[in-house]
Amino acid sequence: MKAVLSDICLHKGGGLQRQLYQALVERILSGRIPGGAQLPASRQWAADLGVSRNSVSAVYEQLRSEGFLASRQGSGFYVREDLHHLPKTLTPPSLARSLNAPPAKLAQAFKSAHGPHANLPFTPGLPDLDAFPIKVWNRLLHQQESRICVRGYDEPAGYLPLRRALQAYLRESRGVRCHEDQILITAGAQQGLSLIADVLLAPSDTVLIENPGYRGARGALGRLGRTLVPVPLTAQQALDIEALEHLPPARVLYCTPTHQYPMGGILEIGQRLALLDWARRTETWIIEDDYDSEFHFVGKPVAALQGLFDETPVLYVGSFSKTLMPGLRLGYLVVPDGLIDNFRQMKRFTSGESPLLTQAVTAEFMQGGHFISHLRKMRHHYHGKWQRFHHLLETHFAGRLQPVAESAGMHLVVTGEIDDLAVVQGLSELGIGSTPLSAHYVGKALQHGLVLGFANADDEAMARCVVALGKVLGAKSVDRGET
Ligand SMILES: Cc1ncc(COP(=O)(O)O)c(C=O)c1O
């Protein structure tokens, strides 16, 4: 049987051989040229197509070496018979089996806060990107780009000069006790949390988690159907250590002791010691997420749990997302000595190394003293913003929205009898980002309110926020039915 190829015509202007190859492959795979069909002799067909005989011969040879064609002495090329057991269309496997997806409520809550509107003024967690020392950064970037040693491979744990700079910084500023090998550079705190889950948790494990709490932690630690047990906060908006005594045993506890997310409470030293004692007695790992300890406005933040003793059952998580910028996707983990190899291997097999150039620039930025002076400047800058925004909210929404006194740093929480999902939606339509407090609860929300990230809002945006909030709250539909 001869292959029917009269419909193949090639377009002049480059790549004739490639066009011929693609036309044949497509017809063979779709079954339009059946198995066993004989291809035309190269001389005649080349003349018909207006290409050189060499081009046709080269395509036949290529297809033969790839296994599409077979050649027979004296009678040219045939499509191989054994190719055509494939059906004409290949449907993907059925999706009836459940996928490893995050819990539906969490996915829904994230929808409202991410996507094209992720960088609106007042989006929580977003630093003031205009205040970033971009000129210094770019100078260091150009310097690092020209260095051959940052163009190749490195180790999964992270670029050594960056781990060294972090080790010194964390010791000085947070009292973290570690050597450089205990540090792993990650793609933001989020990868740090996922790595902890991958190394320490089985699908059947229980995780204790602050309530309300950080949704990124819920997503990372609650994957694969693990049980999340909410831990309440005290009236001071910090983790309730006494409540831990009455909760089921768990493999890990996730907490933000230096600035509870999102409510802002601080775990005092006595409570920190009690927490470590509880962890020792119950053999529970503590995940200490120290995401914004840099932005405390009064005095120095309490030292990290991790470094209160020589050895603690603490996995310390940090991030450059707030101190530098989220787009870097750079964070770090400090793990106990005995777990270093497990974490390194897990990182190697899940993501491999972190981008070397970004790490090298960050290391230079830290070693050159730019990081510390940037933090000093931003602390002052955000304190001023917090005072102005707090004042505006109190002036315009007294009786309707109550600012949570403890929330500060880079965001402010207000509570109220509102349908916070509807308010967040309304605000986003008016160009203001925020997240609903109710979405930060595991299970039933105990309070409604808004998490407003003032760090990335200038005075003009603050004024717009007040107007937008007034408009949205004025609409009856955002009142909460149940109280
Ligand atoms: C509690 C908490 N942890 C960590 C982070 C930082 O996450 P990442 O480093 O993945 O950007 C954030 C950012 O919003 C946060 O709110």
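Here the structure is a predicted model, which means the values were calculated and not measured.

1. Regarding empty space enclosed by the protein
Item 1. Overall, the coordinates contain 1 cavity of 30 Å³ or more when judged by the stated rule.
Item 2. Volume-wise, the largest cavity comes out at about 30 Å³.
Item 3. In this structure, the largest cavity is lined by Pro127, Asp128, Phe132, Lys322, Thr323, Leu324, His374, Met378 and Tyr382.
Item 4. Residue composition of the lining of the largest cavity, by class: 5 nonpolar, 2 polar and 2 charged.

2. Here we look at the environment of Ala58
Item 1. When you line up the elements, Ala58 lands in helix α3 (residues 53-65).
Item 2. A residue is classified by how much of its surface remains accessible, and Ala58, at 31% relative accessible area, is partly exposed.
Item 3. The sequence separation of Ala58 and Ser42 amounts to 16 residues, and the corresponding C-alpha distance is 9.7 Å.

3. Quick word on the site of the ligand
Item 1. Near the ligand the following residues occur: Gly188, Ala189, Gln190, Tyr214, Tyr254, Tyr261, Asp289, Tyr291, Ser319, Ser321, Lys322 and Arg329.
Item 2. For the ligand, an oxygen atom lies 3.0 Å from a polar atom in the backbone of Gln190.
Item 3. With respect to the ligand, the side chain of Ser321 contributes an N or O atom lying 2.7 Å from an oxygen atom.
Item 4. In the complex, 91% of the free accessible area of the ligand, which totals 400 Å², lies under the protein chains.
Item 5. Looking at which element gives the most residues to the shell around the ligand, the answer is helix α7 (residues 188-200), with 3 residues.
Item 6. Broken down by class, the residue content of the shell around the ligand amounts to 5 nonpolar, 4 polar and 3 charged.

4. Quick notes on the sheet that holds strand β11 (residues 412-415)
Item 1. Sheet architecture is open: 4 strands sit in the order β10-β11-β13-β12, paired in antiparallel fashion. Each edge of the open sheet is held by one strand with a lone partner, namely β10 (402-403) and β12 (435-436).
Item 2. Looking at chain direction, β11 and strand β13 (residues 449-452) are connected through 4 bridges and run antiparallel. Its bridge partner lying in β13, Thr415 is registered against Gly449.
Item 3. Packed on one face of the sheet, helix α14 (residues 420-429) meets β12 and β13 and runs near 40° to β13.

5. Observations concerning the packing of α7 against helix α11 (residues 340-350)
Item 1. Two elements in contact, α7 and α11, have axes whose closest approach is 10 Å; the angle formed by their N-to-C orientations is 110°. With respect to α11, the element α7 is oriented roughly perpendicular. α7 and α11 meet at a crossing whose hand is right-handed. Here Gln191, Leu195, Ile196, Asp198 and Val199 of α7 come into contact with α11, specifically with Asn342, Phe343, Met346, Lys347 and Thr350.

6. Observations concerning the domain arrangement of the protein
Item 1. We note that the domain assignment places domain 1 (16-85), domain 2 (127-368) and domain 3 (377-478) within the protein.
Item 2. On a C-alpha basis, the centres of domain 2 and domain 3 stand 26 Å from each other.
Item 3. The interface is formed by 26 residues belonging to domain 2 together with 26 residues belonging to domain 3.
Item 4. Where domain 2 packs against domain 3, one counts 1 salt bridge.

7. A word on the pairing of β11
Item 1. Because side chains alternate across β11, one face comprises the buried residues Leu412 and Val414, and the other comprises Val413 and Thr415, equally buried.
Item 2. Bridge analysis of β10 against β11 gives 2 bridges, and the strand direction is antiparallel. The residue of β11 that forms the bridge with Pro403 is Val414.

8. As for the pattern of salt bridges
Item 1. Counted according to the given criterion, the structure contains 21 salt bridges.
Item 2. Here Asp128 makes a salt bridge to Lys385, at a shortest N to O gap of 3.2 Å. Residue Asp128 is located in the loop between α4 (104-111) and α5 (134-145), and its partner Lys385 is located in helix α13 (residues 370-397); the two are separated by 257 residues in the primary sequence. The residues Asp128 and Lys385 share a single accessibility class, namely buried.
Item 3. Here the residues in one salt-bridge network are Asp7, Glu26, Arg27 and Arg32, joined through shared partners.

9. Observations regarding the side chain of Ser319
Item 1. With respect to the helices and strands, Ser319 occurs in strand β8 (residues 314-319).
Item 2. The buried category is assigned to Ser319, whose relative accessible area is 10%.
Item 3. Once you skip the residues sitting within four places of it in the chain, Ser319 turns out to touch Ala189, Leu330, Gly331 and Tyr332.

10. Re the nonpolar core
Item 1. Core analysis: the largest hydrophobic core is formed by 65 residues, its most contacted members being Phe122 and Leu166.
Item 2. Mapped onto the domain boundaries, this core takes at least three residues apiece from domain 2 (127-368) and domain 3 (377-478).

11. With respect to the sheet that holds β8
Item 1. Strand order in this open sheet of 7 strands is β3-β9-β8-β7-β6-β4-β5, and the pairing throughout is mixed. Among the strands making up the open sheet, the edge pair consists of β3 (183-186) and β5 (227-231). For this sheet, the mean inter-axis angle between neighbouring strands, taken without regard to orientation, is 20°.
Item 2. Taken together, the 4 bridges between strand β6 (residues 252-255) and strand β7 (residues 285-289) define a ladder with parallel strand orientation. Paired with Tyr254 across the strands is Ile287, a residue of β7.
Item 3. Taken strand by strand, helix α6 (residues 160-174) contacts β3, β8 and β9 (331-334), and its axis lies near 110° from that of β3.
Item 4. Packed onto the sheet, helix α10 (residues 269-282) meets β4 (206-210), β6, β7 and β8 and runs at close to 145° relative to β7.

About the criteria used
- Residues numbered from 1 in each chain as written.
- Predicted model: local features only at pLDDT ≥ 70, side-chain atom pairs only at ≥ 80, totals over all residues.
- Heavy atoms only, no water.
- 1 Å grid on protein atoms, 1.4 Å probe; cavity = no way out; pocket = protein on both sides within 12 Å on 5 of 7 lines; lining within 4 Å.
- Points joined across faces, edges and corners; volume = space filled by probe spheres on them.
- Nonpolar A, V, L, I, M, F, W, Y, C, P; charged D, E, K, R; others polar.
- Helix = DSSP H or I, 4+ residues; strand = E, 2+ residues; numbered from the N terminus.
- Buried < 20%, exposed > 50% of the residue type's maximum accessible area, 1.4 Å probe, protein only.
- Near = heavy atom within 4 Å.
- Polar contact = N/O pair within 3.5 Å; in protein donor to acceptor, adjacent residues only side chain to side chain.
- Areas by Shrake-Rupley, 256 points an atom, 1.4 Å probe, with all protein chains shown as cover.
- Pairing = 2+ DSSP bridges.
- Contact = heavy atoms within 4.5 Å.
- Axes fitted to C-alpha atoms, helices over the stretch in contact; angles between N-to-C directions.
- Parallel < 35°, antiparallel > 145°, perpendicular 65-115°, else oblique.
- Left-handed = near helix turned anticlockwise from the far one by under 90°.
- Domains from an automatic or database assignment.
- Salt bridge = Lys/Arg side-chain N within 4 Å of Asp/Glu carboxyl O.
- Core = buried A, V, L, I, M, F, W, Y, C linked by side-chain atoms within 4.5 Å.

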